[in-house]
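Summary of structural features
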Amino acid sequence: MPRIHVLDDHLINRIAAGEVVERPASVVKELVENSLDASARAIDVALEDGGRRRIVVSDDGQGMDRDDALLALERHATSKLAAFEDLDAIATLGFRGEALPSIAAVSRFRLRTVPGAGAGTEIEVRAGRIGAVREIAGAHGTSVEVGSLFVNVPARRKFLKAAPTELSHAVRTVGQYAIAHPEVRFRLTHDGRGLLDAPPARDLAERVAQIHGREPASKLIPFDARSGGVAVRGFAGRPVDASPRRDTQHLFVNGRAVTDRVLSHAIVEAYGNTAPRGSFPAIILFVELDPAQVDVNVHPRKSEVRFARASQVHDAVRDAVASALASTLAVPRLAELRPEPAAWSAPASTVAALGRALEHFDAGEPSRAYRATAAPPVAAAVPRGLLDPDSPAAAQGRRATPLAQYRESYIVAQDAEGILLVDQHVAHERVLFERYLAAAETDDVPVQRLLFPVTVELRSDEMIVAEAEIEEFRRLGVVYEPFGGHTIRIDAVPAFAKEVAPDRLLRGLLGEAGKTRSAATGVAELRRVLVTSASCQAAIKVNYALTREGMQQLLDDLFLTQNPTTCPHGRPILFRLTLEEIERAFRRR
Ligand code: ADP
Ligand code: MG
């Protein structure tokens, strides 16, 4: 058995490289971070063969003198941390002092750097061993060239993907830092071709347009909020624009690009059931908080963080994003609605259940409120007096006024920006969904005891679900008891759904629950599915006359929901014909 010995630095660097350097994009990330830490105003990234052959990152930052340049290539050499306490409040992107030596250990590496005053230095490193050191001249700044990545780590080199894949990761990395630093010029070339040239931008919005294009950027909704020491700002994509790819999601904590479950979860919650399943709304999120409240030293690639007060950060993010989604900016225009959104994939069962539900049951209690049979539906313009300036919706500047009901199915309304067309069924469904879910979360669902309990004979698969999920159903206000054999007795239903035949309601819910059992998906997902299904069943349908007051009430209720633009299945609820579009159509513009 050989004796234990301490590994030499060269070997240590190669091992560290295994963690720090995964692919060309990780090299780009480390080098761009170093340039930003060196206060660069312009950063150029040049790649060849997706970065597999060569990566060059050049900046006009403060540069290094000869001694520092040599030291920078040593392991754990950093200018960014001095004392133990510094680690608790890191304000720079780097701090571990291992990126340069790690990258140099697995590539053909060249560092050229010129400080503000004095001579510059060029250092070549071949697979971790320092070679030629030369004096150079030039403007201050640093250029790092990384050739033949993983030249001496064949196992890693084998795992590199084809150039286009590696390139797309690197492009994303550059885009991400460009968004985090609108004031810095970013350029990216690949095999000599320019892919990105983002001159210093006035603000975040302009930079987002440079990176993602003017059109998509113009549809993003800004948010900016602060709560208890946590500042949250950025842009949220509209649910209707959600894409099946995640690459328009950028999360930053104190300027550092991160992946983080707490933040991701907050975003998912903010969107609720508004974006179609399996699709990702665009989001650019900056969280700013006291560096002492966040640990960035969790992972060698520094892409993960840990929050001291995770739930505070979570809620601040959720609320900020949700407020953006509730804004009228989230309402899509007619031209933007695809007849069949590619990303929309409500499970076929839900669609079927929706169809079934619509065929059969009667209007529920809340529908009555909208209907108020005394007054006939209106088609005339609404007198000003009808606008109640004290309504909560009006107070939030989000009021829409009904003008008419079209085919007893769609509400025609106007708001500050144009004409709205609202699908009354899905609008009501959204309102019920949010109220019902909130009540269920606090175990506070108002129930209607049945004067005459209803017994239902179930199939065995339904019976299994009914028995297993009896507690969750009770929480949702659907109260039943086994009644011998395959029969159960329904004693109470949620008050809002009391007009739905209880057996039909329960069967519909059991069908959904059979596909989404709490054991497999967690109770939260099951609850959402059931709440969605019950809301759909109880919501007013199309071909249902509404009074003007009823329409106003529904619109007000809708605009107070977290997301008035898409229903819990991800279908659009409303769209807007803007005044500008109208004027264009009539050639008034
Ligand atoms: P870290 O960034 O964690 O300190 P690195 O290995 O990435 O570790 O860099 C080591 C040191 O080299 C940095 O602390 C910094 O002082 C210096 N350095 C690296 N890149 C640059 C650059 N582009 N401009 C100026 N100094 C740099
Ligand atoms: Mg660094």
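Look up: the structure comes first, before these words.
What counts and what doesn't
Residues numbered from 1 in each chain as written. Chains lettered and ligands numbered in written order. Predicted model: local features only at pLDDT ≥ 70, side-chain atom pairs only at ≥ 80, totals over all residues. Heavy atoms only, no water. Core = buried A, V, L, I, M, F, W, Y, C linked by side-chain atoms within 4.5 Å. Buried < 20%, exposed > 50% of the residue type's maximum accessible area, 1.4 Å probe, protein only. Helix = DSSP H or I, 4+ residues; strand = E, 2+ residues; numbered from the N terminus. Domains from an automatic or database assignment. Contact = heavy atoms within 4.5 Å. Patch = residues over 30% accessible without salt bridge, like charges linked within 9 Å, V, L, I, M, F, W, Y side chains within 5 Å. Areas by Shrake-Rupley, 256 points an atom, 1.4 Å probe, with all protein chains shown as cover. Salt bridge = Lys/Arg side-chain N within 4 Å of Asp/Glu carboxyl O. Pairing = 2+ DSSP bridges. Axes fitted to C-alpha atoms, helices over the stretch in contact; angles between N-to-C directions.

Topic: the nonpolar core
Judged by nonpolar contacts, the single largest core of 56 residues is most densely connected at Val32, Ile43, Val45, Phe109, Val146 and Phe186. A total of 7 residues in this core trace back to one element, the largest contributor, which is helix α6 (residues 163-180). In terms of domain composition, this core takes at least three residues from each of domain 1 (9-201) and domain 2 (219-327). Aside from chain neighbours lying at most four places away, what touches Phe109 is Leu73, Leu100, Ile103, Ala104, Ile123, Glu124, Val125, Arg126, Val144, Glu145 and Val146. Grouped together as the second largest cluster of nonpolar side chains are 34 residues, Leu437, Ile490, Leu506 and Leu510 included.

Focus on a nonpolar patch on the surface
A cluster of nonpolar side chains, namely Leu334, Ile419 and Leu577, defines an oily patch on the protein surface of about 210 Å² accessible area. Looking at the element boundaries, Leu577 is found in strand β22 (residues 574-578). On the basis of relative accessibility, which here comes to 31%, the residue Leu577 falls in the partly exposed class.

Points about the sheet that holds strand β11 (residues 249-253)
Taken in spatial order, the 5 strands make up an open sheet running β9-β10-β13-β11-β12, and their pairing is mixed. The two strands at the open ends of the sheet, each matched to only one other strand, are β9 (221-227) and β12 (256-257). As paired elements, strand β10 (residues 230-236) and strand β13 (residues 283-288) share 6 bridges and run antiparallel to each other. Its bridge partner lying in β13, Ala231 is registered against Glu288. Packing against the sheet, helix α9 (residues 261-271) makes contact with β10, β11 and β13, and its axis sits at approximately 125° to β13.

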